[in-house]
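Coordinate analysis (summary)
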Amino acid sequence: MPQLTVKNLKKNDERIFNLPQDNITIGRIGSCDVELQDKSISRKHAEIVREGDDYFLIDLKSGNGTILNGKKIRPIEKHLLRPNDVIKIEDFEIHFSTLEEALNEAVEEDTDTDIIEVKMIKKVLGALNKDIAPSLEILNGPAQGKKIFFTQDLQEVDIGRDPKSTFPIDDPVISRNHSKLVRKWGGIVLLDLNSRNGCFVNNEKIHEKLLRDGDKVMLGTVKLLYRNPQDINIEAIGQEISRKKQEAALKESELMEIKKKKQEELQEAERLEQEEAERQAEEEAQKLEEPEVKPTLEPIAPPPPTAQETQNPLSAKRPFELFQAGKQGLSLFEKVLIGGGALILLLAFIAVIWVLI
């Protein structure tokens, strides 16, 4: 089974196709097996055909040509494809390989847990009965649950409202001869028989489409599910396992980072709290060590002398100050004389007053 890895160089995305059919069409329209949505690409640009065990690339007279391993190929000529060949169509790169070779190479080169799980899946699929037939099951409406198996003895399955159909569906939205399943291109192809309400695969209206495992089919408003155990995409399963593991590892890493940051914040808060406690303890210790300072009464300075007091030093002194100074500077004899004189003056004053009265 060929495996095509399609890379969109503009959008930097990637898709993987595992296609079992012998003819694989590549182009712009939806009916192509590999749809490349770009106006510069022809409707049916190129195809890959199988002859025995070999695959060949053919350019279908496209407008802008097809490049294989860096060289433009001639239209309608067959070019043998080998594993790891690169097909370039405008801004798309298509890497060619076979699914079996890709899995074997991966298992030989890598033994990590993802590859081991792919090997386990491969073993399980190898143990499955390869003769399990593809099936089509109705998911809604009056015929919900009705199912048909496309066994090896069937080459075509007619689907319609006609009771004589191989797979009759009694529903007004279904035409009498609505569609058919045909064994073609190495798989099962759904054909629209010009039905009134059309055929859709994965919400895309089709006229002819190779079905793949898990495709959702709509006939009018009747929903059906196509399953093919032989068309399970092992590589996609392996990639999904790897993606889930990466997501889980990333989530675990993010949680560990958040936990680490919270722990660091808690440690920083504890450190700051400890420093604050130590600072307060030091301040209390300093207060206990410092001696108590009692307040001292400073003498009140007298006001500065006026200009008059400056010119007359005696008048500049207050009476009390003069008295105190005189008291301190006189001897005892002088004090007696002054006291006696004062007494005489007092008596004279009294006598004068007495005469006047």
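Residues numbered from 1 in each chain as written. Predicted model: local features only at pLDDT ≥ 70, side-chain atom pairs only at ≥ 80, totals over all residues. Heavy atoms only, no water.

Considering the overall build of the chain
Of regular secondary structure, the chain possesses seven helices and 22 strands. Within the chain, the fraction of its 357 residues that count as buried is 30%. Taking the contacts inside the chain whose residues are at least 6 apart along the sequence as the reference set, 37% of them involve residues at least 24 apart. Carbon and sulfur atoms form 55% of the exposed surface of the chain, whose accessible area is close to 24,500 Å². (Helix = DSSP H or I, 4+ residues; strand = E, 2+ residues; numbered from the N terminus. Buried < 20%, exposed > 50% of the residue type's maximum accessible area, 1.4 Å probe, protein only. Contact = heavy atoms within 4.5 Å. Areas by Shrake-Rupley, 256 points an atom, 1.4 Å probe, with all protein chains shown as cover.)

Examining a nonpolar patch on the surface
A contiguous nonpolar surface patch, about 580 Å² in accessible area, is contributed by Leu343, Leu346, Leu347, Phe349, Ile350 and Ile353. Positionally, Phe349 belongs in helix H7 (residues 332-356). (Patch = residues over 30% accessible without salt bridge, like charges linked within 9 Å, V, L, I, M, F, W, Y side chains within 5 Å. Salt bridge = Lys/Arg side-chain N within 4 Å of Asp/Glu carboxyl O.)

Things to note about the sheet that holds strand E8 (residues 71-72)
For sheets, the rule is that strands pair by backbone hydrogen bonds, running either parallel or antiparallel. Strands sit in the order E2-E1-E11-E10-E7-E8 across an open sheet of six strands; the sheet is antiparallel. Looking at strand neighbours, the two that pair on one side only are strand E2 (13-18) and E8, the edges of this open sheet. In this structure, strand E10 (residues 85-89) lies alongside strand E11 (residues 92-98), joined through five bridges in antiparallel fashion. Residue pairing in the sheet places Asp85 in a bridge with Phe96 of E11. (Pairing = 2+ DSSP bridges.)

What about the confidence of the model for the chain?
Mean pLDDT over the chain: 79, with 75% of residues reaching 70 or higher. Low pLDDT (under 50) marks residues 106-111, which in the prediction has five contacts with non-local residues, meaning those over four places away or in another chain. Per-residue pLDDT stays below 50 along residues 127-131; that stretch engages in three contacts with residues further than four places along the chain or on separate chains. (pLDDT = per-residue confidence, 0-100.)

Focus: the pairing of strand E12 (residues 135-138)
Inspection of the sheet shows E12 paired to strand E13 (residues 147-149) by three bridges, in the antiparallel sense. In the sheet register, Glu137 faces E13, and the bridge partner there is Lys147. Across four bridges, the pairing between E12 and strand E22 (residues 222-227) is antiparallel. By the bridge assignment, Leu136 is partnered in E22 with Tyr226.

Quick notes on the sheet that holds strand E5 (residues 46-51)
Here we have five strands laid out as an open sheet, ordered E4-E3-E5-E6-E9, and mixed in their pairing. Unpaired on one side and paired on the other, strand E4 (34-35) and strand E9 (79-80) mark the two borders of the sheet. As paired strands, strand E3 (residues 23-27) and E4 are joined by two bridges and run parallel to one another. For Gly27, the partnering residue across the bridge sits in E4 and is Glu35.

What to know about the side chain of Ser175
Within the secondary structure, Ser175 is located in the loop between strand E15 (167-168) and strand E16 (179-184). Setting aside residues no more than four positions away along its own chain, Ser175 makes contact with Gly160, Arg161, Ser195 and Arg196.

Here's the deal with empty space enclosed by the protein
Using a probe with the size of a water molecule, rolled over the atoms, empty space left in the structure can be pinpointed. Enumeration over the complete set of coordinates arrives at one cavity of 30 Å³ or more. When its volume is computed, the largest cavity comes out at roughly 30 Å³. As for the largest cavity, its lining consists of Pro134, Ser135, Leu136, Ile148, Phe149, Phe150, Val157, Leu181 and Tyr226. Elements with a contribution of two residues or more to the lining of the largest cavity: E12 and E13. By residue class, the composition of the lining of the largest cavity is eight nonpolar, one polar and no charged. (1 Å grid on protein atoms, 1.4 Å probe; cavity = no way out; pocket = protein on both sides within 12 Å on 5 of 7 lines; lining within 4 Å. Points joined across faces, edges and corners; volume = space filled by probe spheres on them. Nonpolar A, V, L, I, M, F, W, Y, C, P; charged D, E, K, R; others polar.)

Some thoughts on the packing of aromatic side chains
Inspection of the entire model under this criterion finds one aromatic pair. Above the plane of the ring of Phe56 lies Lys78, whose end atom (NZ or CZ) is 5.9 Å from the centre. (Phe/Tyr/Trp six-rings, centres within 6.5 Å; stacked < 30°, edge-to-face > 60°. Lys NZ or Arg CZ within 6 Å of the ring centre and 35° of its normal.)

Observations regarding the pairing of E22
Both faces of the sheet carry side chains from a regular strand, because those side chains alternate between them. Of the two faces of E22, the one lined by Val222, Leu224 and Tyr226 is fully buried and the one lined by Lys223, Leu225 and Arg227 carries no buried residue. With four bridges connecting them, strand E21 (residues 216-219) and E22 associate as antiparallel partners. Pairing of Val217 across the sheet is with Leu224, part of E22. Where E21 folds back onto E22 in an antiparallel hairpin, the turn is made up of two residues, including Gly220, whose phi is positive at roughly 65°.

Regarding the pattern of salt bridges
Scanning all chains against the criterion turns up 13 salt bridges. Residues Asp162 and Arg176 are paired through a salt bridge, measuring 3.6 Å at the closest nitrogen-oxygen approach. In this pair, Asp162 sits in the loop between strand E14 (156-160) and E15 while Arg176 sits in the loop between E15 and E16, placing the two residues 14 residues apart along the sequence. Taking the relative accessible area as the measure of exposure, Asp162 reaches 16% and is therefore buried. Accessibility expressed as a relative area gives 47% for Arg176, which makes it partly exposed. Between Glu283 and Arg279 there is a salt bridge, with its nearest N and O atoms 2.5 Å apart. Placement of both Glu283 and Arg279 in helix H3 (residues 234-289) is noted, with a separation of four residues, approximately one turn of the helix. On the accessibility criterion, Glu283 (35% relative accessible area) is partly exposed. A relative accessible area of 39% places Arg279 in the partly exposed class. Bridged by salt links that share partners, the residues Glu268, Arg271 and Glu275 form one connected network.

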